[in-house]
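Next come the chains, spelled out residue by residue.
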Amino acid sequence: MDFRLSEEQEAIRQMALDFARDELAPNAIEWDQDKHFPVDKLQAAAALGMAGIYVRDDVGGTGLTRLDAAIIIEALATGCPAVASFVSIHNMCTGMIDRYGSEEQRHRLLPKLLTMETLASYCLTEPGSGSDAAALKTKAVKDGDSYVLTGQKQFISGAGVSGLYVIMARTGEDGPKGISTFVVEKDAPGLTFGANEKKMGWHVQPTRAVMLDGVRVPAENRLGGEGDGFKIAMGGLDGGRLNIAAASLGGAQAAFDRALAYVQERRAFGKAIGEFQALQFRLADMATDLEIARTFLWRAASALDAGDPEATKLCAMAKRFVTDRCFAVANDALQLHGGYGYLADYGVEKIVRDLRVHQILEGTNEIMRLIVARSIIGRK
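All values reported here derive from a predicted model rather than from experimental measurement. (Residues numbered from 1 in each chain as written. Predicted model: local features only at pLDDT ≥ 70, side-chain atom pairs only at ≥ 80, totals over all residues. Heavy atoms only, no water.)

Asker: I keep staring at the pattern of salt bridges and nothing clicks. Help me out?
Answerer: Where charged atoms of side chains with opposite charge meet at close range, the side chains can pair. Within the structure shown, the criterion is met by 21 salt bridges. Arg21 serves as the salt-bridge partner of Asp18, at 3.2 Å between the closest nitrogen and oxygen. A residue pair is termed a helical-turn pair when its members lie 3 or 4 positions apart in one helix, as Asp18 and Arg21 do in helix H1 (residues 7-24) at three residues. Asp22 is the salt-bridge partner of Arg21, the closest N and O atoms lying 2.9 Å from each other. When its relative accessible area of 43% is taken as the criterion, Asp22 is described as partly exposed. Salt bridges here are not isolated pairs; linked through shared partners, they connect Arg56, Asp58, Asp98, Glu103 and Arg106. (Salt bridge = Lys/Arg side-chain N within 4 Å of Asp/Glu carboxyl O. Helix = DSSP H or I, 4+ residues; strand = E, 2+ residues; numbered from the N terminus. Buried < 20%, exposed > 50% of the residue type's maximum accessible area, 1.4 Å probe, protein only.)

Put into structure tokens, the structure is as follows:
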């Protein structure tokens, strides 16, 4: 058991940290305030191999591991958690196409996704089925050599800007066995988008409803077989949960670093506030939480890479624990800044707002507890 990164992993991490420092961090507050989606920076990240982290190299993917992905997303999130989170979502889609798509689909769809000339959005959630994803109502009716899709997806990151949508729709019976997965292109007739949602955080990402009104999709754009969609969706979510946890970790680390610098500079009662033992204890607890979160995240990612039968449970554990603790660390960092932490110029309040949604998406943390509980009970 070795908790050290390899030389290659250290190099990958440093590359992503440098990119976050130079390309994301200087602009993050302005993007947040302007609600600007920095597609050019996403494409610059793609040029470094960050759009197909676990896509095989025969189509231009990086072919890295889930642990490598967690390291990259954490590093990117030190510059902007919301941008890093979209990189995670895009990689979830490219990874699903690479893993479950046919050779024809892989070679047709992935090249433009790997440069982020085309962005991808993951479409599972619906207005009436969030946590209960298997209850989705969007229909896909077979009609000759096509399917006709009708329904609505909700809370879709990148919607309206993304050129490709990985959509789960019902082709059969109620429940998970009746769901299939389709790849739908933005210009498909009948595909429209709602207004950009007004959100607490993640302002750099557009979030809209995706509406399908008789959208005709060629059968060749179905991923896997009929009825495989729920399995495909959940397979994507294991890695997605790790990456969202990693984005929380990177954001919390950045908030901690800012708080540490602040308490060493800010003076009160004749000395730096970092000299007060109460604040030192707070910093010690924050640093410990970050280290525990990182260690367990790497454990879960390694289990997923190894095909461990416990991997889904561990990914759920990691997503729940890391996003909860890292939100608390970011919130503590804001508190250590006092009134200045509440001001946008210091950047900490943005991190707090961005990290809050990580406890909800990719399966709420209550659902993560349910997954873990069912796994534990099932073993008895």
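Asker: What is the right way to look at H1 in this model?
Answerer: Since there are 3.6 residues in each turn of an α-helix, residues three or four apart along the chain are aligned in direction. Helix length check: H1 (18 residues) gives 25 Å between terminal C-alpha atoms against 26 Å at 1.5 Å per residue, within 8%. Looking at the buried residues of H1, the elements they touch are helix H2 (28-34), helix H3 (39-47), helix H4 (66-77) and helix H5 (81-100). (Expected span 1.5 Å × (residues − 1). Contact = heavy atoms within 4.5 Å.)

Asker: It is not clear to me how unusual backbone geometry should be interpreted in this structure. Could you clarify?
Answerer: The phi dihedral of Lys35 is positive, around 50 degrees, even though this residue is not glycine. Checked against the element boundaries, Lys35 lands in the loop between H2 and H3. When its relative accessible area of 47% is taken as the criterion, Lys35 is described as partly exposed. Notably, Trp202 is not glycine yet its phi reads approximately 55 degrees, a positive angle. For Trp202, a relative accessible area of 4% puts it in the buried group.

Asker: How should the nonpolar core be read in this particular structure?
Answerer: Nonpolar side chains tend toward joint burial in soluble globular proteins. Leu76 and Tyr122 are the most contacted members of the largest nonpolar core, which has 104 residues in total. Among the elements that line this core, the one with the most residues is helix H7 (residues 229-265), at 17 residues. Ignoring anything within four residues of it in the chain, the contact list for Tyr122 reads Ile89, Met92, Cys93, Met96, Ile156, Val166, Met168, Ala233 and Leu237. Core analysis: the second largest hydrophobic core is formed by 17 residues, Ile156, Ile167, Ala188 and Leu191 among them. (Core = buried A, V, L, I, M, F, W, Y, C linked by side-chain atoms within 4.5 Å.)

Asker: For this particular structure, what's the right way to read the packing of aromatic side chains?
Answerer: How two aromatic rings sit relative to each other is given by the distance of their centres and the angle of their planes. Within this structure, the stated rule accounts for seven aromatic pairs. Judged by centre distance (6.5 Å) and plane angle (85 degrees), the ring pair of Tyr262 and Tyr346 falls under edge-to-face. A residue pair is termed long-range when its members are at least 10 positions apart, and Tyr262 in helix H7 and Tyr346 in the loop between helix H9 (311-336) and helix H10 (348-356) qualify at 84 residues. Arranged with centres 6.4 Å apart and planes meeting at 90 degrees, the rings of Phe269 and Phe276 form a pair that is edge-to-face. Site record: aromatic cluster; members linked through ring pairs are Tyr262, Tyr340 and Tyr346. Geometry around Tyr54 places Arg66 over its ring, the cationic atom sitting 3.8 Å from the centre. Over the face of the ring belonging to Phe327 we find Arg356, whose NZ or CZ atom lies 5.9 Å from the ring centre. (Phe/Tyr/Trp six-rings, centres within 6.5 Å; stacked < 30°, edge-to-face > 60°. Lys NZ or Arg CZ within 6 Å of the ring centre and 35° of its normal.)

Asker: Help me out: how do you make sense of the packing of H7 against helix H8 (residues 277-305) in this one?
Answerer: Put simply, H7 and H8 touch, their axes get as near as 10 Å, and they point 160 degrees apart. One way to sum up the angle between H7 and H8 is to call them roughly antiparallel. H7 and H8 meet at a crossing whose hand is left-handed. Between H7 and H8, the contacting residues are Asp238, Gly239, Leu242, Ala245, Ala246, Leu249, Ala252, Gln253, Phe256, Leu260 and Val263 on the first element and Leu283, Met286, Ala287, Leu290, Ala293, Arg294, Leu297, Ala300, Ala301 and Leu304 on the second. Counted by class, the contact of H7 with H8 contains 17 nonpolar, two polar and two charged residues. (Axes fitted to C-alpha atoms, helices over the stretch in contact; angles between N-to-C directions. Parallel < 35°, antiparallel > 145°, perpendicular 65-115°, else oblique. Left-handed = near helix turned anticlockwise from the far one by under 90°. Nonpolar A, V, L, I, M, F, W, Y, C, P; charged D, E, K, R; others polar.)

Asker: Teacher, can you tell me more about the environment of Gly307 here?
Answerer: Here Gly307 shows up in the loop between H8 and H9. On the basis of relative accessibility, which here comes to 56%, the residue Gly307 falls in the exposed class. Taking the C-alpha atoms as reference, Gly307 lies 25 Å from Ser131; in sequence the two are 176 residues apart.

Asker: Which parts of the structure should I look at to understand the packing of H8 against H9?
Answerer: Any two packed helices are characterised by the angle at which their axes cross and by the distance between the axes. Two elements in contact, H8 and H9, have axes whose closest approach is 9 Å; the angle formed by their N-to-C orientations is 160 degrees. Comparing the axis directions of H8 and H9 gives the class roughly antiparallel. Crossing hand, H8 versus H9: left-handed. Taken together, the residues of the contact of H8 with H9 break down into 22 nonpolar, one polar and five charged.

Asker: In this structure, what is going on with the side chain of Ser180? I would like to understand it.
Answerer: Note on placement: Ser180 falls in strand E5 (residues 179-185). On the basis of relative accessibility, which here comes to 0%, the residue Ser180 falls in the buried class. In this structure the side chain of Ser180 is engaged in a polar contact, spanning 2.7 Å, whose partner is the side chain of Thr171. At 3.0 Å, the side chain of Ser180 forms a polar contact with the backbone nitrogen of Gly227. When residues no more than four places from it in sequence are discounted, the contact partners of Ser180 are Ile167, Met168, Ala169, Thr171, Arg222, Gly225, Glu226, Gly227 and Gly229. (Polar contact = N/O pair within 3.5 Å; in protein donor to acceptor, adjacent residues only side chain to side chain.)

Asker: What is the right way to read the state of the cysteines from this model?
Answerer: Among covalent bonds in proteins, the disulfide is the one between the sulfur atoms of two cysteines. Taken as a whole, this structure holds zero disulfides when the rule is applied. The cysteine Cys93 is free of any disulfide, with Cys123 supplying the nearest cysteine sulfur at 7.4 Å. The thiol sulfur of Cys326 is not disulfide-bonded, and the nearest other cysteine sulfur, from Cys315, lies at 16 Å. Here Cys326 falls in the buried class, since its relative accessible area comes to 1%. (Disulfide = S-S within 2.5 Å.)

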